[in-house]
Amino acid sequence: MSTHAHALRDSMTMLRRNLTRARRYPSLTLQVVAMPIVMLLLFVFVFGGALGNGIGLPGAANDRGAYVDYVTPGIILMAVTSGAISTAVSVSLDMTEGIINRFRTMAISRASVLTGHVVGSVIQTMVSLVLVVAVALAVGFRPHATLAGWLAALGLLTLLAFALTWLAAAMGMVAKTVESASNAPMPLTFLPFLGSAVVTPDSMPAGLRWFAEYQPFTPVNETLRGLLLGTEIGNNGLIAVAWGVGLSLAGYLWARAAFRRGATR
Amino acid sequence: MIMINAPVRPRPEAVTAEGLAKSYGDKAVLDGIDLHIPQGTVFALLGPNGAGKTTTVQILSTLIPASAGRARVAGHDLLREAGAVRAAIGVTGQFSAVDNLLDARENLLLMADLHHLDRREGRRRAGALLDRFELTEAAARPVATFSGGMRRKLDLAMTLVGRPRLIFLDEPTTGLDPRSRRTMWEIIRSLVADDGVTVFLTTQYLEEADQLADRIAVLDHGKLVAEGTADELKRQIPGGHLRLRLAGPSELAAAAALFPSAARDDDALTLDIPGDSGIPALRAVLDTLDRASVRAEALTVHTPGLDEVFLTLTDRTPQSGAAVNSLQENAR
């Protein structure tokens, strides 16, 4: 077998291992799904009326239905960031166990350990996204996307999931403890709030508005909104993909370097 | 004159190392050690905590790079052919390297997959290893519920899935109860006898090295301070003596006159004659007693135990002479 075939086979083995682990230890997975769903219910039923009215959604005076449509793309992004936390935790957990040193002394593809984690986490994240969208539909989310729009949205979210998962895997690698690994991706989960996820950046003070317009989640959020609800995308699509590719690459290189560096802890 | 570069060796060597060193900053953990371990033997690296045993295993098993020195492991250069080294070795570290969320059989099958065995062969080997290590009944239980001894057995079983030719065991019995320790020893012996593997073992227990190893090297402060078989090491330490027990004070006085260097104990009626425990030395003592017609009640041979060797060799005092003296005082 060639080196690439080995790498693929080893990555598949590691992926199977991680999916089994995820099934055996479901509390982490549940947490990933629960966080965005709680957020969704909170924003729709508690803040929805006031916010929908306050940000002046077109034709949505005090209408929860319109706000569900506005907030759901942002909640979907929160589900991706929530998945990142679980990646960091599971990578860090793995690094503190002795088995990782066993893998390092075996003739297996070096990358497979991390690839298995990342692909496993992306699958977990995508499953949780399906659940989040299902709950959103149940509480009144009414997208009018074409099949191509759904597929493009799926592609964009997969790219974002890969980007954040690689970053989180690197954070899990460099974290000294599992606790610090779970804290490291926390800022990521706040980024959607500081963008266009919950309210329009127009309502923010100047400095914050500037940040909201240029941080990576806003173009992703606007592209997703456009794909699912038919709002204006403009050049946000291109910027979103660029961010996704850039962050994926940065996260991958960081994680790989961290894995090579830390033989033992 | 023509120098022959490759000396004739009876057996190819599983590990050769020259000047292996590791330092973190200016702290030398391993200070240039040489190793020659023939295939099919058990080699024990013995030393107190912090001597550099684990570091040695980590370097030789490709886990961390050496700061200096060269090594060949299982016939491959450690640095340039790390992949080939990894394919030939198995490592069971000091801290258990099992997946706690999987069960025992899944752990073994994971190893089979990573060794690219086909499904059938993987299942066969996993089943055989579970039988061999008496883990079949616990095969479907999560490893998190295993006792220390069971985990250690599973850990070793996982190492064996890939049929390594050279196995590193870093303190394989530390923390085990005496019964589990004996089970582990039996397993290690059978690895060498039945499977013909080479075992590189680190331990802080002298008894373990004495029981298992063909050759023992004593590591202290990152340096090898002695190497040899258990008997050779014991012989390196003066302090052996022949102890004569005599019937009464007059016999003791007569015997003491024959051996001026001996230490007498008037209460116990014994006489300790320093010297090695070889047959000629023994015969000489008996002949001297015979010629003088002094009758001894009993004669016992005292060789220094490996404990004494260990304490002497790893003594913290810089002069070895002082260490030997303190040992002799202890022996009295």
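Counting from 1, residues in each chain are numbered in the order their sequence is written. Written order determines the labels here, with chains lettered from A and ligands numbered from 1. With pLDDT at 70 or above as the cut-off, local features in this predicted model cover only qualifying residues; side-chain atom pairs require 80 or more to be listed or tallied, and sums for whole chains, interfaces and linings still use all residues.

So, about the overall build of chain A. Each helix and strand in chain A was counted, giving 11 helices and 0 strands. Secondary structure is summarised from DSSP: a helix means a run of H or I of at least four residues, a strand means a run of E of at least two, and numbering begins at the N terminus for each. In chain A, the succession of helices and strands from N to C terminus is α-α-α-α-α-α-α-α-α-α-α. Throughout, radius of gyration means the C-alpha value; the globule benchmark is 2.2 Å times the number of residues raised to the power 0.38. A compact globule built from 265 residues should have a C-alpha radius of gyration of about 18 Å, and chain A, at 19 Å, falls within 12% of that. Buried, partly exposed and exposed are defined by the number of other C-beta atoms within 10 Å of a residue's own C-beta, namely 20 or more, between the two limits, and 12 or fewer respectively, with C-beta atoms placed from the backbone. Split into buried and exposed, the 265 residues of chain A put 46% on the buried side. Two residues qualify as a contact pair if the distance between their C-beta atoms, derived from the backbone, is within 7 Å. Pairs at least 24 residues apart make up 78% of the contacts formed inside chain A by residues separated by at least 6 positions.

Let us now look at the domain arrangement of chain B. Here chain B is partitioned into domain 1 (13-234) and domain 2 (240-302). For the domain bounds, the source is a domain assignment made automatically or taken from a database. The straight-line distance from the C-alpha centre of domain 1 of chain B to that of domain 2 of chain B is 46 Å.

A few words now on the interface of chain A and chain B. Accessible area lost upon the coming together of the parts is a frequently used measure of interface size. Between chain A and chain B, the contact holds 20 residues from the first and 24 residues from the second. Listing elements by their share of the side of chain A that touches chain B, those giving two or more residues are α1 (3-24) and α4 (99-104) of chain A. Tallied by class, the residues present in the side of chain A that touches chain B amount to 6 nonpolar, 6 polar and 8 charged. Residues were grouped as follows: Ala, Val, Leu, Ile, Met, Phe, Trp, Tyr, Cys and Pro as nonpolar; Asp, Glu, Lys and Arg as charged; and all remaining residues, including Gly, as polar.

With that settled, consider the sheet that holds strand β2 (residues 27-38) of chain B. Residues and elements named next belong to chain B. Strand pairing requires that DSSP identify at least two bridges connecting the strands. Read from one edge to the other, the open sheet built from 4 strands follows the order β2-β1-β4-β5, with strand pairing classed as antiparallel. At either end of the open sheet lies a strand with only one pairing partner, and these are β2 and β5 (76-77). One ladder, built from 5 bridges, connects strand β1 (residues 13-24) with strand β4 (residues 68-73); its direction is antiparallel. In the sheet register, A21 faces β4, and the bridge partner there is A68.

Below, the discussion takes up the packing of helix α3 (residues 104-114) of chain B against helix α4 (residues 119-132) of chain B. Residue and element names in this part refer to chain B. Axes, fitted as lines to C-alpha atoms, cover a helix only where it is in contact. Angles between the N-to-C directions of the axes lie from 0 to 180 degrees. In contact at an axis separation of 9 Å, α3 and α4 are set at 135 degrees when each is read in the N-to-C sense. When the axes of α3 and α4 are compared, the pair comes out oblique. Considering only the axes of α3 and α4, their crossing is right-handed. Facing A104, R105, L108, L109, A112 and D113 of α3, the residues of α4 in contact are G122, R125, A126, L129 and L130. Its residues assigned to classes, the contact of α3 with α4 comprises 7 nonpolar, 1 polar and 3 charged. What sets the label is the angle itself: under 35 degrees gives roughly parallel, over 145 gives roughly antiparallel, 65 to 115 gives roughly perpendicular, and the rest give oblique. Here is the rule for handedness: rotate from the far helix to the near one, and if that takes an anticlockwise turn smaller than a right angle the crossing is left-handed, while a clockwise turn gives right-handed.

Another point: helix α5 (residues 148-160) of chain B. Residue and element names in this part refer to chain B. The end-to-end C-alpha distance of α5 is 19 Å, a good match for the 18 Å that 13 residues give at a rise of 1.5 Å each. Within the span of α5, buried status applies to R152, K153, L154, D155, L156, A157, M158, T159 and L160. The inward-facing, buried residues of α5 abut β6 (89-92), α3, α4, β7 (166-170) and α6 (178-195). Expected helix span is given by 1.5 Å per residue-to-residue step, counting one fewer step than there are residues.

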